[in-house]
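The chain contents come next:
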Amino acid sequence: MFVSLSAFSQNEGQKDTLKTNNISSIDSLAVDSIASDSMDIAPKKKKTTLDAVVDYQSKDSIIFTGAGIGYLYGDAKVNYTETELNAYYIRMNLDSSVVYAAGIIDTTGSKIGYPIFKDKGDEYNSESILYNFDTGKGYITNIITQQGEGYVTAGKTKRMPDGSFFMKDGRYTTCDEHDHPHFYLNMTEGKVRPKKNIVTGPVYLVLEDVPLPIAFPFGFFPFTSKYSSGVIMPSYGEDSQQGFYLRDGGYYFAISDNVDLALTGEIYTKGSWGLGGASTYAKRYKYRGSFSSDYLVTITGDKAAGDYQKRTNFSLRWSHSQDAKLNPNRSLTASIDFSTSGYNQNSLNSIYNAATRTTNTKTSSVSYGIRNMLDNKLNLNVTGRINQVSADSTINLLLPSLSLNTTTIYPFKRKNPIGNERWYEKVSFSYQGVMENSITTKEDKLLKSSLVKDWRNGMRHTIPVQASFNVFNNINITPSFGYEERWYLSKTKQSWDSTAYKAVKDTIYGFNRVYNYNFSVSAGTVLYGFYQPVKALFGDKVEMIRHTFKPSISFSMTPDFGNPRFGYWDSYSYVDSLTHQNVTKNYSYYDGYLYGAPGRGKSGNISFSIDNTLEMKVKSDRDSTGVRKISIFDKLSISSGYNLAADSLNWNNISVSLAVKITKSYNLNISANLDPYTYVADSRGNAIRVNTTQWEKNHIPGRLTSMNFSIPAISLNNNTFKKKKDKKESTTPTVDENINPPTDEDEQAMLQDQQAEKKQDKALDSDGYAKWDVPWSFNINYNISLARGTFNATKEEYDLRWMQSLSFGGNVNFSKNWSFNFNSSYNFDAKEFGYTSCSISRNLHCWGMSASFIPVGPYRSYSFSIRVNSSMLQDLKYEQRSSPYNSMSWY
C-alpha cells in the first residue's frame, strides 16, 4: 500500500483501543506514556505546521481509527522531506504529527523489523523510536549509530531538532560487533553531534564485560570526513635510564592531498629530550615517497655520582620511488637510512626493536638514471651511496659515482645483410666509464676531512672487444681483448727514512694516466656418452644411462706492467734491523687509490674446467610416457690452471664442486679447494709455500684447504606428512554421460550441501569427535664447512677445523586467534646460542594482545602489550616492558 498526505488529520487524538496478539506489547507504549517527558514531543497545538507531503506505505496493511490514529504493518515506511523512517510497525498520530515505530520478535525468537531512522545522510538503528515531524524532536531506545571509525550505542536517547542527541549510559567502541562489543568506553552521559564530535562526562573502559580501573573525567571524540590537521596525543611510560616520559606527541599538518607533515617531540624527567619530523608525499602515476628525521639529546647518570653523560644523535630516512609511467627513460630512486652510531643505543624505538638493535651495517643510496640516449645506445647513471658500521662508527661515503655505458655495438655488421653472416660481423665491443669520489673515515672526522688529501677520486674506462665463432660445428671459440684505463689527479712516491726507520710518502699532484690490457681466447664443446646397462646386473628397470661431458679451455695473456717503461711501480731499499740484510720493497705509485694499479709480473694462464652430468632413464608407472629421468648427480665440476709466465708455483689451486639431488625439492652442494703445493716452516715457525707439488711429495693431487657443505633449509609443517597419504586416497571420479546436466536449483542445493559437509568435516572427525587442527611450521638450516686453522710446523701442514652453525625457527597456531613464534641459532664453535626471540599473540577481534621475550644474550628483555586495533584509538593501550639496560633483573 502507498498513501500520500499533505498533512496529518486535524482531529483530536484519542487513546488507542486497537489491540492485536502480535503487537500488544508494542501498543502499550502509547504517546501519553511519555507525556511528562521534558522534550514535549506531542505539541499542544491542534494544528500542525508541516509544509510538505508525508508519504507512508506498508506491505501488509494500513488501519485508521476514528481517533486520528493510523497503524502500518509489515515493512512500513514514512517519508517527510529528508527524513525517512522504516520499521515493521509504525503508529501515526494524525493530529500531533507524532509517529512511533518498533520491531517485533518472530516465532523463532529473532528480532525483525527494528526501526531505521534516516535524516540528512545520518542513519540510526534502534529498538523503538518516538518522533515528531513538526518539532524534529524524538525519543529513542537502544540506539545504534556509526560515527567515524566507531559505533555509538545508548539505552536512552533524546534527539534534538538540530540533529544532535543526548544520551545516557552510552557506549563507544570500534568493534563491529556493536550489539555485544569486545570492548567499549562506557559513557555515563554525553552529547553526539553527528559527523562532528562526541562530548561526554566521566568514561571508563570495559573489556570483555569487565570494567577496568582505567577512567577519564571527560571524553572528546572528534570526527571528520575531510583531510585535516590536528593534535597528536603523546604516549607515556618509564625507562630505567631516562625516567618517566611523554613521547611521540605533537601536531599533524594536512598540507594538501599530496603531502603531509607530522612534527613530534619527546621529553623525559631526567633531562633527555628529542624532536622529530615525518612527511609522506605522493602524486598518482608520477612518484611517491616518505621522509623523516629525528634529533635526540640523551642524558643519563648523575653529576654528583660522576656517571653523568650527555649524548647527541640524529637520524635521517628518505625513501623515494618513481612511477615508470612518468618517464621510462629517466628515473630517480632513493633509499636513505642514516643515523649516528649512538642513535640505536639511545632511541627507545630502536632499543625495543630487536631487528634494529642487531643491525650493525646500514646502506643508503640515491640514484638518477637516463637511459636510451643516442638512438638507444648510451646510458647514464649518477649515484650517491653511504655505508655505515655502527660497531666502530666507520663511514664509507661515495659521492658522487657517475657511470656511462653503451650497449653492445657490432661495428662491422651490415645494415642490409644478404646471405649468411660474415665472420667479422660477429666482432663486438662496448664501453663503460666510471667516475667516483669516495672517503672512508669516522663519523666525527667526516666534516673535517680535506677533499684533496683525504678523499679518493678517479675515473676508469673499460672497453671489452670480443667475438664468437663455431669451428667444425661443435667447438665454440671466443677470442677477446680487454682494455682498461684509469685517470688520477695525483700519485704517491715512497722512500726510506733511515733516521725515523720508516717509509715516508710524498704526494705529487697532476694528471696521471694508467692503463693495462689483456688478451684471451677460450674454447668449449659438449659431448654425450650413452651406456645401456647389463640386465643381469641392473635388471629391466634401467633403460639407459647418459653422461654429459662439457670440457673447456682458455688462454689469457697479460704483460708485466711492473716494468719501469710503464712507470707504475718503483722500489726503495733498507736494512732489516733483525737480519741486518738489505731488503728491497716494491710499491706502486697508486697503492690505496680508488682503482689501484696494474699488477706486477707477466702472466700466461692456461685455465681448464670439466663439467659432468650423469643421469639415467628408468621405467616408471607414475609417468604417462612409461619412463622417467633420474639424476645421479646434477654437476661434477673440476677446474684449475697453469701460469706459463711464472718462474715457480705455476699451478693454480684445484676447485671441485658436486651437486646431488636428494629429493625433488632438495639438493646437496659440496665445494672444495685443494692446494697443489707443499709448505715448509721458517725459523719462526711460519709457513712458506715452496715449489714442490703434493704429487711429488705425497702422491696426491692436492691438500684440502677448505670444504663447504651447502645443505638447503628444511621446512616442515602440519601438512608435510599428509601429502602422500592424501595423494593415495584421492581418486578420479567417473562421469556418466547419460546423466542430465544439473539445473540451477540442483547446483545451488549441491553447493549448500558441500558447504555444510565441509563445515561439519572441519569441526568433527569420522568418530564424531572435535578435530585437533593446530597449524604449525618449523624451519631448520644447518651450515657446515671445513677450513684451514693454524700452521703445524712439525707436520709442515695446516691443521683443518670444522665450523658448524644451526639456525631454526617456527610458529604454532594453537587456535584461530592464538599464535606462537620463535627464532634462534646455535654456534657449535662458540658453544652458545645466538640471538633468540619468542613471541606470542592473541587476536581479540578488535583488540590485540602480544608478548615477546629474549631469554638469552646481551639483549635479554621482555615486552607485553594490549591495545585497540583501531588507529583512532591507538593510544588506548597498556604496555609493560623491560629495558636491555636492566635485563638481568627480569627473571
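What you see is a predicted model, and the numbers here were worked out from it, not measured in a lab.

1. Quick notes on the overall build of the protein chain
- Scanning the protein chain from N- to C-terminus turns up nine helices and 56 strands.
- Scored against the burial criterion, the 891 residues of the protein chain give a buried share of 31%.
- For the protein chain, the proportion of contacts with a sequence separation of at least 24, taken over those separated by at least 6, is 50%.
- Here the protein chain displays about 54100 Å² of accessible surface, and carbon together with sulfur accounts for 54% of that area.

2. Regarding a positive patch on the surface
- A cluster of basic residues, Lys-535, Lys-541, Lys-619, Arg-622 and Arg-628, forms a positive patch on the protein surface.
- Turning to its location among the elements, Lys-619 is positioned in strand S41 (residues 603-619).

3. As for the nonpolar core
- Formed by 44 residues in total, the largest nonpolar core has its most connected members in Ile-90, Phe-183 and Trp-847.
- Beyond its immediate sequence surroundings of up to four residues, Trp-847 is in contact with Phe-183, Leu-205, Leu-207, Arg-842, Ile-866, Arg-867, Val-868, Asn-869 and Leu-876.
- Counting 14 residues, the second largest nonpolar core, distinct from the first, contains Tyr-574, Tyr-589, Tyr-590 and Tyr-595.

4. Looking at the confidence of the model for the protein chain
- A residue-level look at the protein chain finds 85% of positions with pLDDT of 70 or above and a mean pLDDT of 82.
- Per-residue pLDDT stays below 50 along residues 1-46; that stretch engages in 97 contacts with residues further than four places along the chain or on separate chains.
- Contacts from residues 725-744, a stretch scored under 50 in pLDDT, to residues over four places away or in other chains number one contact.

5. What to know about unusual backbone geometry
- A cis amide bond links Leu-399 to the next residue, Pro-400, at an omega of -10°.
- Among the secondary structure elements, Pro-400 is positioned in strand S30 (residues 394-406).
- In this structure, Glu-208 is a non-glycine residue whose phi angle is positive, near 50°.
- Residue placement: Glu-208 occurs in the loop between strand S17 (203-207) and strand S18 (210-216).
- Backbone geometry places Asn-372, a non-glycine residue, at a positive phi of 60°.
- Of note, Asn-372 is situated in strand S28 (residues 361-372).

6. Overview of a nonpolar patch on the surface
- Where nonpolar side chains cluster on the molecular surface, the patch consists of Tyr-236, Leu-246, Ile-267, Trp-273, Leu-275, Tyr-295 and Phe-314 and spans about 750 Å² of accessible area.
- Looking at the secondary structure, you find Trp-273 in strand S24 (residues 273-283).

7. A closer look at the side chain of Ser-339
- On the secondary structure map, Ser-339 appears in strand S27 (residues 330-339).
- For Ser-339, a relative accessible area of 4% corresponds to the buried category.
- For Ser-339, the side chain forms a polar contact with the side chain of Lys-362, separated by 2.7 Å.
- When sequence neighbours within four positions are dropped, the list of residues in contact with Ser-339 reads Phe-314, Ser-315, Asn-344, Lys-362, Gln-388 and Glu-443.

8. A short note on the packing of aromatic side chains
- If you walk through the whole model with that rule in mind, you get 45 aromatic pairs.
- One aromatic cluster is present, formed by Tyr-488, Trp-496, Tyr-501, Tyr-572, Tyr-574, Tyr-587, Tyr-589, Tyr-590 and Tyr-593 through successive ring pairs.
- For Lys-491, the ring lying beneath its charged end belongs to Tyr-589, and the centroid distance is 4.7 Å.

9. Side note on the pattern of salt bridges
- A full pass over the atoms with the stated rule returns 16 salt bridges.
- As a salt-bridge pair, Arg-317 and Asp-294 come within 2.6 Å of each other at their nearest N and O atoms. Of this pair, Arg-317 sits in strand S26 (residues 309-322) while Asp-294 sits in strand S25 (residues 287-300), and the two are 23 residues apart along the sequence.
- Connected through salt bridges with shared partners, the residues Arg-460, Glu-484 and Arg-486 form a single ionic network.

10. Brief notes about the side chain of Gln-242
- Structurally, Gln-242 can be placed in the loop between strand S21 (235-239) and strand S22 (243-253).
- For Gln-242, a relative accessible area of 3% puts it in the buried group.

11. Some thoughts on the pairing of strand S46 (residues 687-693)
- Pairing between strand S45 (residues 677-681) and S46: four bridges, direction antiparallel. Looking across to S46, one finds that Tyr-677 is bridged to Thr-693.
- Joining the antiparallel neighbours S45 and S46 is a turn of five residues, in which Gly-685 adopts a positive phi near 85°.

12. Side note on the state of the cysteines
- Applying the stated rule across the entire model yields zero disulfides.
- Cys-175 takes part in no disulfide bond, and the closest cysteine sulfur to it belongs to Cys-846, at a distance of 3.5 Å.
- Judged by its relative accessible area of 0%, Cys-175 is buried.
- On the basis of relative accessibility, which here comes to 6%, the residue Cys-846 falls in the buried class.

13. Quick notes on the environment of Thr-340
- Mapped onto the fold, Thr-340 is located in the loop between S27 and helix H2 (343-346).
- Since its relative accessible area comes to 12%, Thr-340 is described here as buried.
- For Thr-340 and Ile-395, which are 55 residues apart along the polypeptide, the C-alpha to C-alpha distance reads 10.0 Å.
- Those residues within four positions of Thr-340 in sequence are excluded, and the remaining contacts are Asn-313, Phe-314, Gln-388 and Glu-443.
- There is a polar contact of 2.7 Å between the side chain of Thr-340 and the side chain of Asn-313.

14. Some words on the environment of Gly-384
- With respect to the secondary-structure elements, Gly-384 resides in strand S29 (residues 378-389).
- For the pair formed by Gly-384 and Val-366, sequence separation is 18 residues and the distance between their alpha carbons is 5.2 Å.
- With residues up to four places along the chain from it excluded, the contact list for Gly-384 reads Ser-364, Ser-365, Val-366, Leu-398 and Leu-399.

15. A look at the environment of Asp-239
- Take Asp-239: it is sitting in strand S21.
- With 29 residues separating them along the chain, Asp-239 and Tyr-268 place their C-alpha atoms 8.9 Å apart.

Thresholds, definitions, all that
Counting starts from 1 at the beginning of each chain's written sequence and moves along it residue by residue. Side-chain atom pairs in this predicted model are given and counted only at pLDDT of 80 or more, local residue features only at pLDDT of at least 70, and totals for whole chains, interfaces and linings cover all residues. Derived side-chain values reflect all non-hydrogen atoms in the structure, with water molecules and hydrogen atoms excluded from consideration. Secondary structure counts use DSSP, requiring at least four H or I residues in a row for a helix and at least two E residues in a row for a strand, with both numbered from the N terminus. Working definition: with a 1.4 Å probe on protein chains only, accessible area under 20% of the residue-type maximum means buried, over 50% means exposed, and in between means partly exposed. Residue contacts follow a heavy-atom distance rule, with two residues in contact if any of their heavy atoms lie within 4.5 Å. To measure how exposed things are, a 1.4 Å probe is used in the Shrake-Rupley method; for residues, cover is taken only from the protein chains shown. Think of a patch as exposed residues, more than 30% relative accessible area, with no salt bridge, where like charges cluster within 9 Å and nonpolar side chains (Val, Leu, Ile, Met, Phe, Trp, Tyr) cluster within 5 Å. By salt bridge we mean one thing: a side-chain nitrogen of Lys or Arg within 4 Å of a carboxyl oxygen of Asp or Glu. Residues scored as positive are Lys and Arg, those scored as negative are Asp and Glu, and His as well as the terminal groups of each chain are ignored. The atom standing in for a charge is NZ when the residue is Lys, CZ when it is Arg, CG when it is Asp and CD when it is Glu. Nonpolar core, defined: a set of buried Ala, Val, Leu, Ile, Met, Phe, Trp, Tyr and Cys residues in which side-chain atoms within 4.5 Å join the residues together. Here pLDDT means the predictor's own confidence in every residue, given as a number from 0 to 100. Under the rule applied, a polar contact is a pair of N or O atoms within 3.5 Å (in protein, one hydrogen donor and one hydrogen acceptor; residues adjacent in sequence only if both atoms are side-chain atoms). Aromatic rings from Phe, Tyr and Trp, with only the six-membered ring used for Trp, were paired whenever their centres fell within 6.5 Å, and each pair was classed as stacked if the ring planes differed by under 30 degrees, edge-to-face if by over 60, and tilted otherwise. Comment: the charge-over-ring label is applied if NZ (Lys) or CZ (Arg) is within 6 Å of the ring centre and within 35 degrees of the ring normal. By the convention used here, strands pair only if DSSP detects at least 2 bridges between them. In this description, the term disulfide denotes a pair of cysteine sulfurs within 2.5 Å.

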